[in-house]
Amino acid sequence: MVTSPEPIEAVSQRLDKFLSDQLSYASSLGPEAETMSRAGAASLRGGKRLRARFCLTGWRAVIESSGARDTSLTPAAVSVAAALEIFQAAALVHDDIIDNSDTRRGQPAAHRALEAAHAAAGWTGDAAMFGRSGAVLLGDLLVAWSDDLLEEALADQPTAAATRRFYADMRRDVTIGQFLDVAEESAYAVYPDEEHAERALRVASYKSARYSIQKPLEIGAAFAGADDEQLDALGRFGHDVGMAFQLRDDVLGVFGDTAVTGKPVGDDLREGKRTVLVAFAREVLPAPARRTVDELLGDAELDAAQISALQNTIVDTGALARTEELIADYSRRADRALAGARLGDAAVGELRDLARAATQRSS
C-alpha cells in the first residue's frame, strides 16, 4: 500500500522496499555482488525525482478528468514512477563514465565509488579500470531493475501495453540522444556553422526533453488510460518544458555554482559539449576567435582563467541572452499546450508549478 500522499515520499518508500529486496538477494551471492548492489542503491539517493513527479502528475491529470472521486496515489502508479527513477540512475551512471565525471550530486560518481571500493578491499589490478568496468555493468543492472519494477506494476493492468510502448520509446530515444551528444563533439566540424544550433537542439530533444519530461508524462497518462487528445496535449507540453529544462541545464553547465549544482563550474566546457550556448556564440565570432573557442572546448585541464574567458565570450556574443529568450519561448509554448486540454484542473496547476521549478532553477 501507499503510506504517503506525497509523490516524492511515496516513490522513495517504494524504492527503499525494492532496493531492500535486491540487496537481500545480492548478499546471498557474496560480498562482491553486495558491493555492486549497494553502489546501485547509492546511485538512487537524492535527486529531485523529477521524472517520477511528472509521471504521477500526468497520471493524476487523466484520473481527475474522468470525474473519479478518489485520485489518491495507487501502489501500481507509484511503482511505475519509481521504475523511471531507477532508469534515470542507470542513465546517470553511464553518463558519468562517458563524461569522465568524478562527482554526481556532490558525491563520488559510481565508477569512482567502485574504484575506491577496489582500493579499499586491497584487490590487485588497475582500480580505475575496475571502477569503469563495474559501472558499465552497474548501469546495465539498473536498467534490468527498472524493467523488473515496471513489469511488477503492470501485472494484470488493462493499460499495460500502452504504458510499455511509451516506456520503450523513452529508452530508445534517450539512448540515441546520448549517442548524438557524444557524436556531436566530433561531428560538428563537418557541418556549416549555421546548422550547429539546430543540431544542438536535436540533441537536447532526444537526450533530455523527451526522456526527462515528455515521456514520463505520457507514461503516467497512458497508465491512467489517456485518450489520444490528452496524450497529445501532455506530449506537446512535456516536450517544450523538457527543451526549456535542458537549455537551463546547459546554462548551469557553464555558469552554475558548484556549491549548488554539485558539479565543477564550467564542466560542460571541459567536456566539450556542443550546446546551443556554444553554437550561438560561434555564429557571431570572427574565424580566429572561433578557432580559439574550438581549441579550448573539450580540454579537461581548462583552468579558472580559461573557463572565465569562455564564459565572457558566451555573454559578450549575446549567446546567453539568446538562450534565455529560447527558454522563455519554450515555456510559453508549453503553457499554451495545456490551455483548454481535457485534463484535471488541479493536476494542470501542478504541472505548471513543476514546469516553473524545472526551468527556473539553480541546480
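Here is what the cut-offs are and how they apply
Residues numbered from 1 in each chain as written. Predicted model: local features only at pLDDT ≥ 70, side-chain atom pairs only at ≥ 80, totals over all residues. Heavy atoms only, no water. Axes fitted to C-alpha atoms, helices over the stretch in contact; angles between N-to-C directions. Helix = DSSP H or I, 4+ residues; strand = E, 2+ residues; numbered from the N terminus. Parallel < 35°, antiparallel > 145°, perpendicular 65-115°, else oblique. Left-handed = near helix turned anticlockwise from the far one by under 90°. Contact = heavy atoms within 4.5 Å. Nonpolar A, V, L, I, M, F, W, Y, C, P; charged D, E, K, R; others polar. Salt bridge = Lys/Arg side-chain N within 4 Å of Asp/Glu carboxyl O. Buried < 20%, exposed > 50% of the residue type's maximum accessible area, 1.4 Å probe, protein only. pLDDT = per-residue confidence, 0-100.

Looking now at the packing of helix H2 (residues 31-42) against helix H6 (residues 127-154). Orientation of H2 relative to H6, taken along the N-to-C sense of each, is 70°, at an axis distance of 10 Å. As judged from the angle between their axes, H2 and H6 are roughly perpendicular. For the crossing formed where H2 meets H6, the hand is right-handed. Contacts from Met36, Ser37, Ala39, Gly40 and Ala41 in H2 reach Leu137, Leu138, Leu141, Leu142 and Trp145 in H6. The residue makeup of the contact of H2 with H6, split by class, is 8 nonpolar, 2 polar and no charged.

Before going further, it helps to examine the pattern of salt bridges. In a structure, side chains of opposite charge can pair up when their charged atoms sit close to one another. Summed over the entire model, instances satisfying the criterion amount to 35 salt bridges. In this structure, lysine 273 and aspartate 181 form a salt bridge, with 2.9 Å as the shortest nitrogen-oxygen distance. Of the two residues, lysine 273 is situated in the loop between helix H11 (267-271) and helix H12 (276-284) and aspartate 181 in helix H7 (residues 160-187); the sequence distance between them amounts to 92 residues. Accessibility expressed as a relative area gives 7% for lysine 273, which makes it buried. Between aspartate 232 and arginine 236 there is a salt bridge, and its shortest N-O distance comes to 3.0 Å. Linking aspartate 232 with arginine 236, this pair stays in helix H9 (residues 228-255), spanning 4 residues, or about one helical turn. With relative accessibility at 41%, the residue arginine 236 sits in the partly exposed group. Overlapping salt bridges bring together Asp95, Asp96, Asp99, Arg104, Asp181, Glu185, Lys207 and Lys273 as one network.

Attention now goes to unusual backbone geometry. Trans is the prevailing form of peptide bonds, just as negative phi is the prevailing case for residues other than glycine. One non-glycine residue with positive phi stands out, namely arginine 49, at about 55°. Looking at the element boundaries, arginine 49 is found in the loop between H2 and helix H3 (50-65). With a phi close to 55°, asparagine 100 is a non-glycine residue in the positive phi region. Take asparagine 100: it is sitting in the loop between helix H4 (75-99) and strand E1 (103-104). Asparagine 100 sits in the partly exposed class, given a relative accessible area of 45%.

With that settled, the discussion passes to the confidence of the model for the protein. Taken over all residues, the pLDDT of the protein has a mean of 94, while the share at 70 or more is 99%. Looking across the protein, the model is least confident in helix H10 (residues 258-261), with a mean pLDDT of 79, and most confident in H6, with 98.

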